[in-house]
Amino acid sequence: MTEPFLSIRDLRKAFGSFVAVHDVTIDIPRGEFLTFLGPSGSGKSTTLYAIAGFQQPTSGDVLLKGRSLLSVPSHKRNIGMVFQRYTLFQHLTVAENVAFPLRVRRRPDAEVKRKVAEMLSLVRLESFGGRYPGALSGGQQQRVALARALAYDPPILLMDEPLSALDKKLREEIQAEIRRIHRETGVTILYVTHDQDEALHLSDRIALFRDGRIEQIGSGEDLYLRPQSEFVASFIGNSNFLPAEHLETVNGAATIRLADGSVVSGVRNDREFRHGQKTRLMVRPEAFRMRPGPATAGLAVEFIDTAFFGERRRVIARTAAGQEIDVRPTSDMAQAQEGIAPRGQQIFFDPAAAFLFPA
Amino acid sequence: MLLDYDRLGWLRAALLGFTGLVAAFLLLPVVFIVLLSFGSSRWLAFPPPGWTLKWYEELFADPAWLEAALTSARIATMAAILAVVIGLLASFALVRGQFRGRNTLRGLLLTPMVLPVVVFAIAIYAFFLRIGLGGTTAGFVIAHTVLALPFAIIPITAALEGFDKSIEDAAIVCGASPFEAKLRVTLPAIKIGIFSAAIFAFLASWDEVVVAIFMASPTLQTLPVKIWGSLRQDLSPVIAAASSLLVLLTLSLMIVTSLIRRKLSK
């Protein structure tokens, strides 16, 4: 087997008695865009800083092409990094900022000049070379930071929530830039964010962190369509959790009883539950339909409120058991747009697209 | 707000008057000294019977005054350089360091500012006499460096606290060694603090008189010591002239400082 490009092995970081990162292991192939996603304090940034060399891990190893990085000081790791806060050198112009890593490497002037021009055109700031960072917007500053981080062709680029200081519209714009730059340069990117949309938009794979451990790692689709835990299901996308009693599971299809007494069969399940065990049924808001389909289960609800969001409509419904659920029908828009329906309305979902989790 | 200036009413006039009185109290002695240095009376009489430049003539004719001024400048420059270098290193430790007794160390380094100067002067005088530094330029510079250190540490730690360490980290990730990153990125970023430190440290030594009296010898006198000595011998208007020049130099230094600071912070 060929060894992975970048390998994080049993990485552990403890601050006193608090363990920030619990034995994290990931193999990252060359050219991958991997995102560390998770709530704050979940260990994702600590893992990134261990790769950058700013945190000395308690145990474990970080290997680049089979060679351990841990004994290499930060400035010799040849890694690119874009930080959460603006880190341009204020006393240098944009071009001098991008040239900085090449200057400390004592590269010849001609090469520095050529590389700076190339990098500024990569981030589309060709005409900004002579300006000072103070005269740039936040988005432009982060693009310069990106150019600076890539100027010395690092094998890995680390990005620590680089867009969190920007507003939503700008964030989306620069996300597209980052995707393009990843495509054009083929650099391996490790990206940290707490924003699931950003992670889904950018990444080849997402490692979802929780309490210092990787809860699940896989493509965005994997995490969305096949969440392995309630935490993953609730962190990625929106979800409704209905209390359900497990009756039996045959060949990976469970039969359950919902709080209103209705029995649903055909729910996908690969866990072992006892008869009568309390579980939670997860249904995505967009998995609900207004009309019954071939294998759908019905749920009696009362529509309480509806809000229009342009591309879709959000409906708040209340189940017979009194639980409020979030419904975002993707089809049957016409019906949904009729607004609040009278009592006794039924909505429908495909049990095979729902998940059963331990309560 | 309770104390909104715009809503003070008649109190505003009272406040203005009081502020004016305080300012006059602080400034009038300086004004009188300057006026007296141009007065023709030998006895520092006010108002002066006439105006003259002869005290300045006398001042510049006496090489002892010029020598004292040069000594002051030399000692203040060396003390300022030492205080800035030591203060810079100390500030990195105080701001970045995570060690026990950090706050104690900070307090210790700032004590020269709160300790009664005369106590410090007697202590260091006795100590320097014993180790043979009394009356030497080196002793003078060391004593003034200690006094100037708080004035260097305060602006530098403030600048360093306001500097985002991520920027230094970014330079390190870019391939600069930690030392190179500090030299090429951190120092330029806190240059205003360093500049202020140098000016304040220089002034702390330049017009210091108490420690200077203890450190001085007949051959090594700073300007304030010379003024003090002359004052005790004869109350000549030459002293007023020397004092006026001292004030003028300090004042121009402050003005230049604020101009440069304004330019740097752009």
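Residues numbered from 1 in each chain as written. Chains lettered and ligands numbered in written order. Predicted model: local features only at pLDDT ≥ 70, side-chain atom pairs only at ≥ 80, totals over all residues.

## Things to note about the overall build of chain B
Helix and strand content of chain B: 12 helices and zero strands. Helices and strands appear in chain B in the N-to-C order α-α-α-α-α-α-α-α-α-α-α-α. Dimensions along the principal axes, computed over C-alpha positions, put chain B at roughly 70 × 65 × 35 Å. In chain B, buried positions account for 33% of the 266 residues. Within chain B, contacts between residues separated by at least 24 positions form 72% of all contacts whose residues are at least 6 apart in sequence. (Helix = DSSP H or I, 4+ residues; strand = E, 2+ residues; numbered from the N terminus. Buried ≥ 20, exposed ≤ 12 C-beta atoms within 10 Å, placed from the backbone. Contact = placed C-beta atoms within 7 Å.)

## Examining the nonpolar core
Membership of the largest hydrophobic core comes to 147 residues, with the highest contact counts inside it found for Val 98, Ala 147 and Leu 158 of chain A together with Ala 148, Ala 152 and Ala 201 of chain B. Counting residues per element, this core draws most heavily on helix H6 (residues 137-161) of chain B, at 13 residues. When near neighbours in sequence (up to four residues on either side) are disregarded, Leu 158 of chain A contacts Leu 48, Ile 51, Ala 52, Ile 79, Gly 80, Met 81 and Leu 190 of chain A. In this structure, Leu 36, Trp 55, Trp 65 and Ala 241 of chain B belong to the second largest nonpolar core, which totals 11 residues. (Core = buried A, V, L, I, M, F, W, Y, C linked by C-beta atoms within 7 Å.)

## Some points on the domain arrangement of chain B
Residue and element names in this part refer to chain B. Each assigned domain of chain B is listed with its residue range as follows: domain 1 (5-37) and domain 2 (64-264). Distance from the C-alpha centre of domain 1 to the C-alpha centre of domain 2: 30 Å. Contacts between domain 1 and domain 2 engage five residues on the former and six residues on the latter. (Domains from an automatic or database assignment.)

## Let's talk about the pairing of strand E4 (residues 59-64) of chain A
Residues and elements named next belong to chain A. With five bridges joining them, strand E1 (residues 6-15) and E4 adopt antiparallel strand pairing. Counted as the bridge partner of Ser 7 is Leu 63 from E4. Strand direction decides the pairing type here: E4 and strand E5 (residues 67-68), joined by two bridges, are antiparallel. Bridge pairing in E5 links Leu 63 to Ser 68. Hairpin connection from E4 to E5: two residues lie between these consecutive antiparallel strands, with Lys 65 at a positive phi of about 50 degrees. (Pairing = 2+ DSSP bridges.)

## Focus: the domain arrangement of chain A
When cut into domains, chain A gives domain 1 (6-228) and domain 2 (238-358). Taking the mean C-alpha position of each, domain 1 of chain A and domain 2 of chain A sit 39 Å from one another.

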